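# Structure assessment
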Amino acid sequence: MAQLSLQHIEKIYDNNVQAVYDFNLDVKDGELIVLVGPSGCGKSTTLRMVAGLEDISRGNLFLDGKDITQTPPKDRDMAMVFQNYALYGHMTIYENMAFSLTLRKEDPNVIHKKVLAAAEILGLTSQLNKKPAQLSGGQRQRVAMGRSIVRNPKVFLFDEPLSNLDAKLRGATRREILLLHKRLQATMLYVTHDQTEALTLADRIVCMSMGHVQQVGTPLELYDKPNNVFVASFIGLPPMNFFDVRVAEGRLEGTGFSVELDAAQKALLAPYGGKEITLGVRPEDIDEGGTIPVDVTNNENLGMNTLVHGYVGGNRSVRISAKLRGWANHKAGDATMMRFKRMHFFDKTTSNAIRKEDN
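Residues numbered from 1 in each chain as written. Predicted model: local features only at pLDDT ≥ 70, side-chain atom pairs only at ≥ 80, totals over all residues. Heavy atoms only, no water.

## Topic: the sheet that holds strand E13 (residues 257–260)
The condition that has to hold: Here a strand pair is declared whenever DSSP counts at least two bridges between the two strands. Per the convention used, a helix needs a DSSP run of H or I reaching at least four residues, while a strand needs a run of E reaching at least two, with both numbered from the N terminus. Only C-alpha atoms enter the line fits that serve as axes; for helices the fit covers just the stretch in contact. Angles between N-to-C directions range over 0 to 180 degrees.
Taking strand neighbours across the sheet as the criterion, the five strands line up as E13-E12-E11-E14-E19 in an open arrangement whose pairing is antiparallel. Each edge of the open sheet carries a strand with a single partner, namely E13 and strand E19 (344–347). Here the strands of the sheet are splayed against their neighbours by 35° on average, with no regard to which way each runs.

Printed below as a string of structure tokens:
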């Protein structure tokens, strides 16, 4: 398919508002990259610059080694799937999928074969004579993908394609996109604000905030070794718990609780002796049976897991959420003791992760 390289890409609008800062990324041939972050973080703007729908203010964009920074969208050999499907309501599904090829005046027999092949891949063969209004949201999104497939582009671009679907359809269509990627071995850039989509789809994730890239890595890398508090809070569901703690002799002291450190943790945090840091603990890394007092406020049973919410050490300002295995029957007002099975440490001034390789 294609290799894509974004080098020092920036977007500055006419009113001097900057949406994207120094974006750098090399996308490998056949790789599925997911850009994730909250609304307004610059991810869709970045995708639109790649597509040519937004001008690049600074930096360069390369496709297979060729600089396409100034190349018009129609000549970039990319196909974009939009959030709102962008289908022609007066055309049949067949005509929608064939439209771009018809404009190119390709041979009708070739068009027919390509449309039927794409319809077979997406399970749309029986829907080709219908109009978009007769299809479900999930089917319409598949038509939009089919319209891209028939073009056989070098790069597929997805701009929050599942955000208009309900939860069940999102899950089903997400699986279809993953299967499509594996089948086509296509180079894809995918934008979403949904971290579940990012974690389940991506070969690598680009996590963005306020126009800046916060971290690039595999889903496991962002989950297991977040670069900073933002990535740690955005990746993972439920989100990570954060506590202000002081590094004391062999332990961390928080409001209403204390945690013992092992030898490796003591060595890691030695430069922070007597100082405050931010302690991060994922809900799934908390279990009962420890020394941390928790007053339960509510209990959410999810079948194989239970979310227990409460506050620590009698202090209502120190909130905690734990994801316990199995079915727990806590209720508001219950008191329990918990322990942290794994901890993440962050510099309180910079919000960056404190890691062995950084010391």
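## Here we look at the pattern of salt bridges
Rule in force here: When a carboxyl oxygen of Asp or Glu lies within 4 Å of a side-chain nitrogen of Lys or Arg, that pair is called a salt bridge. When a residue's accessible area, from a 1.4 Å probe over protein chains only, is under 20% of the maximum for its type it is buried; when over 50% it is exposed; and in between it is partly exposed.
Tallied over the full model, the rule gives 15 salt bridges. Here Lys154 makes a salt bridge to Asp64, at a shortest N to O gap of 3.3 Å. Highlighted residues: Lys154 in the loop between helix H4 (137–149) and strand E7 (155–159) and Asp64 in the loop between strand E4 (58–63) and strand E5 (66–67), separated in sequence by 90 residues. Overall, Lys154 belongs to the partly exposed group, its relative accessible area being 30%. The network of salt bridges with common partners includes Lys11, Arg48 and Glu54.

## Concerning the side chain of Thr173
Following the sequence through the fold, Thr173 ends up in helix H5 (residues 167–184). Judged by its relative accessible area of 2%, Thr173 is buried.

## Section: the domain arrangement of the protein chain
The test is simple: Residue ranges assigned to each domain were obtained from an automatic or database domain assignment. It only takes one pair of heavy atoms within 4.5 Å for two residues to be counted as in contact. Buried area: the accessible area, evaluated with a 1.4 Å probe, that two parts lose upon being put together, summed over both parts. The term polar contact refers here to a pair of N or O atoms within 3.5 Å; inside protein, the definition further demands a hydrogen-donor-capable atom paired with an acceptor-capable atom, and it admits residues adjacent in sequence only when both atoms are side-chain atoms.
Domain boundaries in the protein chain define domain 1 (4–234) and domain 2 (241–358). When each unit is reduced to the centre of its C-alpha atoms, the spacing between domain 1 and domain 2 is 38 Å. Counting from both sides, the interface comprises 10 residues of domain 1 and, opposite them, 10 residues of domain 2. Of the roughly 940 Å² buried where domain 1 meets domain 2, counting both sides, 47% is carbon and sulfur surface. It is Tyr223, Asp224 and Val229 that lose the most area in domain 1 upon contact with domain 2, and together they represent 50% of the buried surface on that side. Counting across the domain 1 and domain 2 interface gives one salt bridge. Two residues, Arg342 and Asp224, come together in a salt bridge whose shortest N-O distance is 2.4 Å. Linking domain 1 to domain 2 there are eight residue pairs in polar contact (both at pLDDT 80 or more). Of all the elements in the fold, those that place two or more residues in the side of domain 1 that touches domain 2 are helix H7 (219–224) and helix H8 (229–234).

## Topic: the packing of helix H2 (residues 93–103) against helix H3 (residues 108–122)
What counts here: Our angle categories are set so that under 35 degrees counts as roughly parallel, over 145 as roughly antiparallel, 65 to 115 as roughly perpendicular, and the remainder as oblique. Definitions for this section: a left-handed crossing has its near helix turned counterclockwise from the far helix by less than a right angle. A right-handed crossing has that turn clockwise. Here the nonpolar group is Ala, Val, Leu, Ile, Met, Phe, Trp, Tyr, Cys and Pro; Asp, Glu, Lys and Arg are the charged ones; every other residue, Gly included, is treated as polar.
For the pair H2 and H3, interaxial distance at closest approach is 10 Å and the crossing angle is 135°. Of the possible angle classes, the one that applies to H2 and H3 is oblique. Helix-helix and strand crossings are classified by hand; for H2 and H3 the assignment is right-handed. Mapping the contact onto sequence places Tyr94, Met97, Ala98, Leu101 and Thr102 in H2 and Ile111, His112, Lys114, Val115, Ala118 and Ala119 in H3. Of the residues assigned to the contact of H2 with H3, the class counts are eight nonpolar, two polar and one charged.

## A closer look at the nonpolar core
What counts here: Only buried residues count toward a nonpolar core, which is a set of Ala, Val, Leu, Ile, Met, Phe, Trp, Tyr and Cys residues joined through side-chain atoms within 4.5 Å.
In terms of nonpolar packing, the biggest core is built from 41 residues, with Met97 and Tyr190 touching the most fellow members. The biggest single contributor to this core is H3, with five residues. Excluding its chain neighbours within four sequence positions, the residues that come into contact with Tyr190 are Leu32, Ile33, Val34, Leu35, Phe158, Pro161, Leu162, Ile177, Glu197 and Leu201.

## Examining the state of the cysteines
Just so we agree on the cut-off: When two cysteine sulfur atoms are found within 2.5 Å, that pair is recorded as a disulfide.
Counted by the stated rule, this structure contains zero disulfides. Of all cysteine sulfurs, the one in Cys207 lies closest to Cys41, which takes part in no disulfide; the gap is 7.8 Å. Overall, Cys41 belongs to the buried group, its relative accessible area being 1%.

## Describing the side chain of Arg204
Tracing the sequence through the fold places Arg204 in strand E9 (residues 204–209). Here Arg204 falls in the buried class, since its relative accessible area comes to 19%. Reaching out from Arg204, the side chain makes a polar contact with the backbone oxygen of Asp26 at a distance of 2.6 Å. In this structure Arg204 touches Leu25, Asp26, Val27, Glu31, Leu32, Ile33, Val34, Val216, Gly217 and Thr218, once residues within four positions along its chain are discounted.

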